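# A closer look at the structure
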Amino acid sequence: MSAGTILPLRLEAVAFEASGRTLIEPVTLDITRGPRSLLLGPNGSGKSLFLRLCHGLIRPSRGRVHWKGEGANGGGRSLLHRQAMVFQRPVMLRRSAIANVEYALKLRGLDRDARRDRAREMLARTGLAALARMPARALSGGEQQRLALARAWAIEPEILFLDEPTANLDPAAVKMVEEIIGAIHAAGTKIVMTTHDLVQARRLADEIIFLHRGRVVERREAASFFSRPETEAARAFVEGRLDW
Ligand SMILES: Nc1ncnc2c1ncn2[C@@H]1O[C@H](COP(=O)(O)OP(=O)(O)OP(=O)(O)O)[C@@H](O)[C@H]1O
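Report on the accompanying structure. (Residues numbered from 1 in each chain as written. Predicted model: local features only at pLDDT ≥ 70, side-chain atom pairs only at ≥ 80, totals over all residues.)

## What about the overall build of the protein chain?
If you tally the helices and strands in the protein chain, you get nine helices and nine strands. A globule of 244 residues ought to have a C-alpha radius of gyration of about 18 Å, and the protein chain, at 18 Å, matches this closely. The principal-axis extent of the C-alpha atoms belonging to the protein chain is close to 55 × 45 × 35 Å. A total of 244 residues make up the protein chain; the buried ones form 39% of that total. (Helix = DSSP H or I, 4+ residues; strand = E, 2+ residues; numbered from the N terminus. Rg over C-alpha atoms; globule rule 2.2 N^0.38 Å. Buried ≥ 20, exposed ≤ 12 C-beta atoms within 10 Å, placed from the backbone.)

Okay, structure coming up:
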């Protein structure tokens, strides 16, 4: 919505500790425009924490998360407006489906007519036009997740973080959500998504960031990760025999 870019996102020696444990080992990497980056790893490997550190929901215990163009004051609200996050369980306001999307746009300063038009468009793009007036919380899990994507997409984020967005959904709902994620990416938004599902990662990933026990152990182009994992942990995970 505003000029310039906030990418790449740079993590410099970022570590996260809680309860006296190091949960994310120091990691330095850039998240660049373009490829769909899938954070892959077994349960408890640190994927959600990694994503939350990137999005800014939690602060690193050590190191620094830095957006391009970020000023000395950290970039403030403008940075927040350029990134969005969708969670495993969507959090909906106690309003209609369309009002949930309109509210996100209100926070971005759009006027009433623009909000209504854009919200309608987003519901159409996510297959929810017929449900616009339904209370958002009465929608099914799959519909709510599509609504969460419509709401996130509405603000045209430069980067979208997705934390296990299809966990708990049935195969048809998974397919719809994956198609919407593909459309958001095709429209120019950088996708960073967590999954522990190998098959889903094979379907969606351009590159893999593989985590194991809080450590980024591999980061590779997806095809080569799956055909020739370099570490024993990744090999074991790809072969379905990782003992974590
Ligand atoms: N605030 C916290 N305090 C202590 N431990 C935590 C905290 N947050 C997360 N953990 C632990 O850190 C580890 C990594 O958690 P995280 O949720 O990032 O894993 P994950 O890879 O996303 O797993 P899953 O696939 O099961 O969602 C887990 O062992 C979790 O119990």
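Next comes the rest of the description.
## Looking at the site of the ligand
Near the ligand lie 14 residues; those nearest to it are A18, N43, K47, S48 and L49. The leading source of residues in the shell around the ligand is helix 1 (residues 47–55), at three residues. Its residues assigned to classes, the shell around the ligand shows three nonpolar, nine polar and two charged. (Near = placed C-beta within 6 Å. Nonpolar A, V, L, I, M, F, W, Y, C, P; charged D, E, K, R; others polar.)

## Some words on the environment of R95
Relative to the assigned elements, R95 resides in the loop between strand 5 (83–86) and helix 3 (97–107). Placed 89 residues apart in sequence, R95 and I6 show a C-alpha to C-alpha distance of 32 Å. Contact partners of R95, with chain neighbours within four places excluded, come to N100 and A136. (Contact = placed C-beta atoms within 7 Å.)

## Describing the packing of helix 3 against helix 5 (residues 141–154)
For the pair helix 3 and helix 5, the least separation of the axes is 9 Å and the interaxial angle reads 25 degrees. On the basis of their axis angle, the class for helix 3 and helix 5 is roughly parallel. Remark: the crossing between helix 3 and helix 5 carries right-handed chirality. Note on element contacts: helix 5 touches helix 3 through L147, A150, R151 and A154, opposite A97, N100, V101, A104 and L105. When the residues that make up the contact of helix 3 with helix 5 are grouped by side-chain class, the tally is seven nonpolar, one polar and one charged. (Axes fitted to C-alpha atoms, helices over the stretch in contact; angles between N-to-C directions. Parallel < 35°, antiparallel > 145°, perpendicular 65-115°, else oblique. Left-handed = near helix turned anticlockwise from the far one by under 90°.)

## A few points about the sheet that holds strand 9 (residues 215–221)
Pairing is mixed across the open sheet formed by six strands, whose spatial order is 5-6-7-3-8-9. Only two strands of the sheet have a single neighbouring strand rather than two, namely strand 5 and strand 9. Averaged over all pairs of adjacent strands, the angle between their axes in this sheet comes to 15 degrees, without regard to strand direction. Looking at chain direction, strand 8 (residues 207–212) and strand 9 are connected through six bridges and run antiparallel. Counted as the bridge partner of I208 is R220 from strand 9. (Pairing = 2+ DSSP bridges.)

## Observations regarding the sheet that holds strand 1 (residues 9–18)
Across the sheet, which stays open at both edges, the three strands sit in the order 2-1-4 with antiparallel pairing between neighbours. If you trace the sheet from one side to the other, it starts and ends with strand 2 (21–31) and strand 4 (62–67), each paired once. Across this sheet, the average inter-strand angle for adjacent strands is 20 degrees, counted without regard to direction. The sheet contact formed by strand 1 and strand 2 spans seven bridges and is antiparallel. Bridged to A18 within strand 2 is R21. Here helix 1 sits on the sheet and contacts strand 1, strand 2 and strand 4; the angle it forms with strand 2, its principal contact strand, is near 55 degrees.

## Brief notes about the packing of helix 3 against helix 4 (residues 112–125)
Following both chains from N to C, one finds helix 3 and helix 4 inclined at 125 degrees, their axes separated by 9 Å at the closest point. Relative to helix 4, the element helix 3 lies oblique. Between helix 3 and helix 4 lies a crossing whose hand is right-handed. Of the residues in helix 4, those touching helix 3 at A97, I98, V101, E102, L105 and K106 are R115, R116, R118, A119, R120, M122 and L123.

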